[in-house]
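The primary structure of each chain is shown beneath.
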Amino acid sequence: MIFITGGNSQGKRAFAMDAFGLSLSDIADGASCPIDEAFEARALNRLHLLIERMLREGIDPMAAALAGAERNPGIVVICDEVGCGIVPADPWQREARELTGRIACALAGRARRVYRVALGIAVCIKEEKQCSQCI
């Protein structure tokens, strides 16, 4: 799995499309795709919105995200970094933001590579190295 994070409208999807040869039809949108098919695509954009939808539907987002990433280990997952800025006054929004951060940490921990994109510039912040015996 490849995990891409960064602020809203910072070029994460464009980077993923360019770096991994994706087209728009390869990318599921967490805001609107069928929840049970979100991790079946080559890429998933706006994971943070999928998490909110899952919470509203009573689905455990952590379990669903980890299971989805395990089923599709080649997926590119794109998620807005939601932990910066003003803390929401609404308790539900705070819970969703907290859970999004925890899920992002869990997925990043399992990812082969993690990128942070700011101002359209991607920086690889994690790259798993394999020894010659593992290749």
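Residues numbered from 1 in each chain as written. Predicted model: local features only at pLDDT ≥ 70, side-chain atom pairs only at ≥ 80, totals over all residues. Heavy atoms only, no water.

Draft legend 1. Up close: the pattern of salt bridges. Taken as a whole and assessed by the stated rule, the structure comprises seven salt bridges. Among the salt bridges present, the one from Asp-26 reaches Arg-42, with a minimum N-O distance of 3.1 Å. A residue pair is termed long-range when its members are at least 10 positions apart, and Asp-26 in the loop between helix 1 (12–20) and strand 2 (27–29) and Arg-42 in the loop between strand 2 and strand 3 (43–45) qualify at 16 residues. We classify Asp-26 as buried; its relative accessible area is 18%. Glu-98 is the salt-bridge partner of Arg-102, the closest N and O atoms lying 2.8 Å from each other. Residue Arg-102 and its partner Glu-98 are both found in helix 4 (residues 91–110); the two are separated by four residues, about one turn of the helix. By relative accessible area, Glu-98 is classed as partly exposed at 43%. (Salt bridge = Lys/Arg side-chain N within 4 Å of Asp/Glu carboxyl O. Helix = DSSP H or I, 4+ residues; strand = E, 2+ residues; numbered from the N terminus. Buried < 20%, exposed > 50% of the residue type's maximum accessible area, 1.4 Å probe, protein only.)

Draft legend 2. View of the sheet that holds strand 1 (residues 2–6). The sheet built from six strands is open, its strands ordered 2-3-4-1-5-6 with mixed pairing. Two strands close off the open sheet at either side, each with one partner strand: strand 2 and strand 6 (121–127). Adjacent strand axes in the sheet meet at a mean angle of 20 degrees, parallel and antiparallel pairs treated alike. Sheet topology places strand 1 next to strand 4 (residues 76–80); five bridges connect them, and they run parallel. Along strand 4, the bridge assignment pairs Gly-6 with Asp-80. The strands touched by helix 2 (residues 47–57) within the sheet are strand 1, strand 2, strand 3 and strand 4, with strand 4 carrying the most contacts at an inclination of about 80 degrees. (Pairing = 2+ DSSP bridges. Axes fitted to C-alpha atoms, helices over the stretch in contact; angles between N-to-C directions. Contact = heavy atoms within 4.5 Å.)

Draft legend 3. Just the nonpolar core, in detail. In this structure, Phe-3, Phe-39, Leu-44, Leu-47, Val-77 and Leu-107 are the most contacted members of the largest nonpolar core, which totals 24 residues. Of all the elements in the fold, those that place two or more residues in this core are helix 2, helix 3 (61–71), strand 4 and helix 4. Examining the composition of this core, we find that five residues originate from one element, helix 4, more than from any other. Each residue touching Phe-3, except ones within four places of it in the same chain, is listed here: Leu-47, Val-77, Cys-79, Ala-104, Leu-107, Ala-108, Ala-111, Arg-113, Val-114 and Tyr-115. Ile-2, Ile-27, Val-76 and Val-117 belong to the second largest nonpolar core, which has twelve residues in total. (Core = buried A, V, L, I, M, F, W, Y, C linked by side-chain atoms within 4.5 Å.)

Draft legend 4. Local environment of the side chain of Lys-12. Turning to its location among the elements, Lys-12 is positioned in helix 1. Judged by relative accessible area, Lys-12 falls into the buried class, the value being 5%. For Lys-12, the residues in contact, after removing those within four places along its chain, are Ile-4, Thr-5, Gly-6, Gly-7, Ile-78, Cys-79, Asp-80 and Val-117.

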